2 protein chains.
Amino acid sequence: MPIALRPEEMVRLEQVVQRSGLNYRQDIVYRQDDTFGALYAVRLGCIKTYRTTEDGREQVTGFYFPGEIFGMDGVGSGRYTNSAVALETGSTCELPFEQMEKLSATIPQLQHHLFRILGKEITQDQQLVTLLSKHTAEERLAALLISLSTRFAERKQSSLRFRLPMSRSDIGNYLGLTVETVSRVLGKMQKGEILRVDNKEVEILDIDKLKTQAGIK
Amino acid sequence: MPIALRPEEMVRLEQVVQRSGLNYRQDIVYRQDDTFGALYAVRLGCIKTYRTTEDGREQVTGFYFPGEIFGMDGVGSGRYTNSAVALETGSTCELPFEQMEKLSATIPQLQHHLFRILGKEITQDQQLVTLLSKHTAEERLAALLISLSTRFAERKQSSLRFRLPMSRSDIGNYLGLTVETVSRVLGKMQKGEILRVDNKEVEILDIDKLKTQAGIK
DNA sequence: CGTTCCATTGAGATGTGTCAATTCAAGTGG
DNA sequence: CCACTTGAATTGACACATCTCAATGGAACG
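My aim in this report is to walk through the structure given alongside it, one point at a time. Per chain, the residues get numbers from 1 upward, laid out in the order the sequence is written. Naming scheme: in the order in which they are written, chains are lettered from A and ligands are numbered from 1. At least 70 in pLDDT is required for a residue's local features to be given in this predicted model, at least 80 for side-chain atom pairs to be given and counted, and no such filter applies to totals for whole chains, interfaces and linings, which use all residues. Hydrogens and water are ignored here; the side-chain numbers use all heavy atoms of the structure.

**Quick look at the protein's contact with DNA strand C**
(1) Moving on: The local shell around DNA strand C holds 18 residues, among which Glu180 and Thr181 of chain A together with Arg168, Ser183 and Arg184 of chain B are the closest.
(2) Moving on: If even one non-hydrogen atom of a residue comes within 4 Å of a molecule or strand, that residue is called near it. Here DNA strand C approaches the protein such that, of its atoms within 4 Å, sugar and phosphate make up 62%.
(3) Moving on: Think of a polar contact as two N or O atoms within 3.5 Å of one another; within protein, one of them needs to be a possible hydrogen donor and the other a possible acceptor, and neighboring residues in sequence only count if both atoms come from side chains. At 2.4 Å from a phosphate oxygen of DNA strand C is found a side-chain nitrogen or oxygen belonging to threonine 181 of chain A.
(4) Moving on: Taken together, the elements giving at least two residues each to the surface near DNA strand C come down to helix 6 (179-191) of chain A together with helix 5 (168-175) and helix 6 (179-191) of chain B.
(5) Moving on: Strands here are runs of E lasting at least two residues and helices are runs of H or I lasting at least four, both read from the DSSP assignment and numbered beginning at the N terminus. Broken down by element, the residue count for the surface near DNA strand C peaks at four residues, all from helix 6 of chain B.
(6) Moving on: Classification used: nonpolar for Ala, Val, Leu, Ile, Met, Phe, Trp, Tyr, Cys and Pro, charged for Asp, Glu, Lys and Arg, polar for all others including Gly. Considered class by class, the residues forming the surface near DNA strand C number three nonpolar, nine polar and six charged.

**Observations concerning the sheet that holds strand 11 (residues 201-204) of chain A**
Residues and elements named next belong to chain A.
(1) Moving on: Strand order across the open sheet formed by three strands is 9-11-10, with antiparallel pairing between neighbours. Of all the strands in the sheet, the pair left with one neighbour each is strand 9 (161-163) and strand 10 (195-198). On average, each strand axis in the sheet is inclined to that of its neighbour by 15 degrees, with strand direction left out of account.
(2) Moving on: DSSP-based pairing: two strands are paired if at least 2 bridges between them are found. In this sheet, strand 11 lies alongside strand 10 in antiparallel orientation, the contact comprising four bridges. Bridging across to strand 11, aspartate 198 finds its partner in glutamate 201.
(3) Moving on: The sheet contacts of helix 4 (residues 137-154) involve strand 9, strand 10 and strand 11, and relative to strand 9 the element is tilted by about 100 degrees. For helices, the fitted axis covers only the stretch in contact; all axes are lines through C-alpha atoms, and the angles between them, taken along N-to-C directions, range from 0 to 180 degrees. Contacts are assigned to residue pairs with any non-hydrogen atoms lying within 4.5 Å of each other.

**A look at helix 4 (residues 137-154) of chain B**
(1) Moving on: Here a helix's expected span is defined as the number of its residues, less one, multiplied by 1.5 Å. A rise of 1.5 Å per residue sets the reference length of helix 4 of chain B, with its 18 residues, at 26 Å; its end C-alpha atoms lie 26 Å apart and thus fit the reference within 8%.
(2) Moving on: Extensive coverage of helix 4 of chain B is indicated by the burial of 13 of its 18 residues. Relative accessible area decides the class of each residue, using a 1.4 Å probe on protein chains only: under 20% of the type maximum gives buried, over 50% gives exposed, and in between gives partly exposed.

**Brief notes about helix 1 (residues 7-16) of chain A**
All names here are of chain A.
(1) Moving on: For helix 1, the set of buried residues is Glu9, Leu13 and Val16. The buried residues of helix 1 occupy an angular sector of 55 degrees when the element is viewed end-on, so they sit on one face. Across helix 1 from its buried face, at more than 90 degrees, point the exposed residues Pro7 and Gln15.
(2) Moving on: Looking at the packing, one finds that the buried side of helix 1 touches strand 8 (90-96), helix 2 (97-106) and helix 3 (108-134). The arc under discussion is defined with respect to the helix axis, by the directions toward the C-beta atoms.

**Let's talk about the interface of chain B and chain A**
(1) Moving on: Of the residues lining the interface, 47 residues belong to chain B; the matching set on chain A comes to 47 residues.
(2) Moving on: With both sides pooled, the region where chain B packs onto chain A buries about 4,200 Å², and carbon together with sulfur makes up 54% of that total.
(3) Moving on: The rule for a salt bridge is simple: a side-chain nitrogen of Lys or Arg has to be within 4 Å of a carboxyl oxygen of Asp or Glu. Counting the contacts that link chain B with chain A gives two salt bridges.
(4) Moving on: Salt-bridge contacts for arginine 57 of chain B lead to glutamate 139 of chain A; the nearest nitrogen and oxygen are separated by 3.0 Å.
(5) Moving on: The interface formed by chain B and chain A contains 23 residue pairs in polar contact (both at pLDDT 80 or more).
(6) Moving on: Sorting the residues of the side of chain B that touches chain A by element identifies strand 5 (58-64), helix 2 (97-106) and helix 3 (108-134) of chain B as the ones contributing at least two each.
(7) Moving on: Residue contributions to the side of chain B that touches chain A peak at 20 residues, all from helix 3 of chain B.
(8) Moving on: Taken together, the residues of the side of chain B that touches chain A sort by class into 12 nonpolar, 21 polar and 14 charged. Buried area counts how much accessible surface, traced with a 1.4 Å probe, disappears from two parts once they are put together, with both parts' losses summed.

**Quick look at the pairing of strand 3 (residues 38-44) of chain B**
All names here are of chain B.
(1) Moving on: Burial within strand 3 is extensive, with five of its seven residues counted as buried.
(2) Moving on: In this structure, strand 3 lies alongside strand 8 (residues 90-96), joined through six bridges in antiparallel fashion. Considered in strand 8, the bridge of alanine 41 is made with cysteine 93.

**A short note on the pattern of salt bridges**
(1) Moving on: One pass over the structure, following the stated rule, counts 18 salt bridges over all chains.
(2) Moving on: When the shortest N-O distance is used, the salt bridge between glutamate 8 of chain A and arginine 12 of chain A registers 3.1 Å. Of this pair, glutamate 8 of chain A and arginine 12 of chain A both sit in helix 1, four residues apart, which is roughly one turn of the helix.
(3) Moving on: Among the salt bridges present, the one from aspartate 170 of chain B reaches lysine 48 of chain B, with a minimum N-O distance of 2.9 Å. Highlighted residues: aspartate 170 of chain B in helix 5 and lysine 48 of chain B in strand 4 (residues 47-52), separated in sequence by 122 residues. Exposure class is identical for aspartate 170 of chain B and lysine 48 of chain B. Each is buried.
(4) Moving on: Linked by salt bridges that have partners in common, Asp55 and Arg57 of chain A together with Glu139 of chain B make up one network.

Listed below in structure tokens is the structure:
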């Protein structure tokens, strides 16, 4: 957690955190409608969250990488409104929410941090809303690639060459597009010398053009 | 606030709340990029929130009615990522966030409530994501009407006959549709004996059919 | 009672979806 | 190590929901 605490406070926090979770591909971390108990921090790997509507339609709501927190969807109602699944082998920390709440009453820094985490999820979700509502297929894909690139850079990994841990179908679902459209747009970007794509491997050749396409201008 | 506090705690909360805000149509409560200072509770009227992308596209992100809280979009970064505007004459309460945080450290109930409020916004935004991504124009409109109907009912107002405080353009923007499509779909629902629409006045004639159409089944 | 904004309606254009066929990648078991 | 199977990704042809453009009608307001 990127948060400055006094050693004594750090100890109390670490006592609460569960370091248990080792995940393999397809492992479910929690299921939609499960009782909400904890937030989770990704330590290694990638987690996908998705919700299913009453009539069976699925929506991927997010991808989470090491250092990022997921599980906030359960805070509102006491039940998770998404399911969370591992996309590859990795591990997560469990942050039991009730204990975090108690702890945060005596550690203002922690309380503030928790509010921020929830707030950031709101901002992200609203960005996704805008993306889905007002942007073309190319712009959506470009925006996702930029987002991934930025996040890999934050983890001090290559921001121009990386592996997509999710399938085309996950990407399409997340962006409100079909697999076919994702494939076609990636193909087009490749012809435009913006990307080099080899299955899950992506190399960004022209990040400026990609940013322009993302409508980030 | 629907929250059980001891009288003494209630007093402390009320000392923090600003009852100031009287709003007229088009009044801005806060602007995108303003420094985040407070959440707001609608007392009367209706508030619309929307964000503008760097390249000028606008996305309506929410409508808020009496009893509902808005302004959570500022929590993540310390700046509002939306603007908030009054759609009609009304009033709001200001809830200075820093003071609320301090207060909530000593009132667990309040802390929990604040987390829940943020959590509910997350859930709502994700529902909107699904709506935009996976549902047809009819389903989107039906879902909005059901949502409005439900919320009016909560406020003990008629759930079958109400006034839309927002324009067709706002509705369309929120749902990722054009004004024309909104108009056509409303017309179609009227022909199908599901609604009676007269400008901003709506009467729901067949709520079951409407729910079916919303994909709520 | 004109002006202006908002809503409706029609006709035609288009981006993305649907359906179908093919190729490619990754296991799996003999 | 090689078929064989299975699921993922690509590519093409066509369909369609919604958008765009344009004209008209109606409500609100000074």
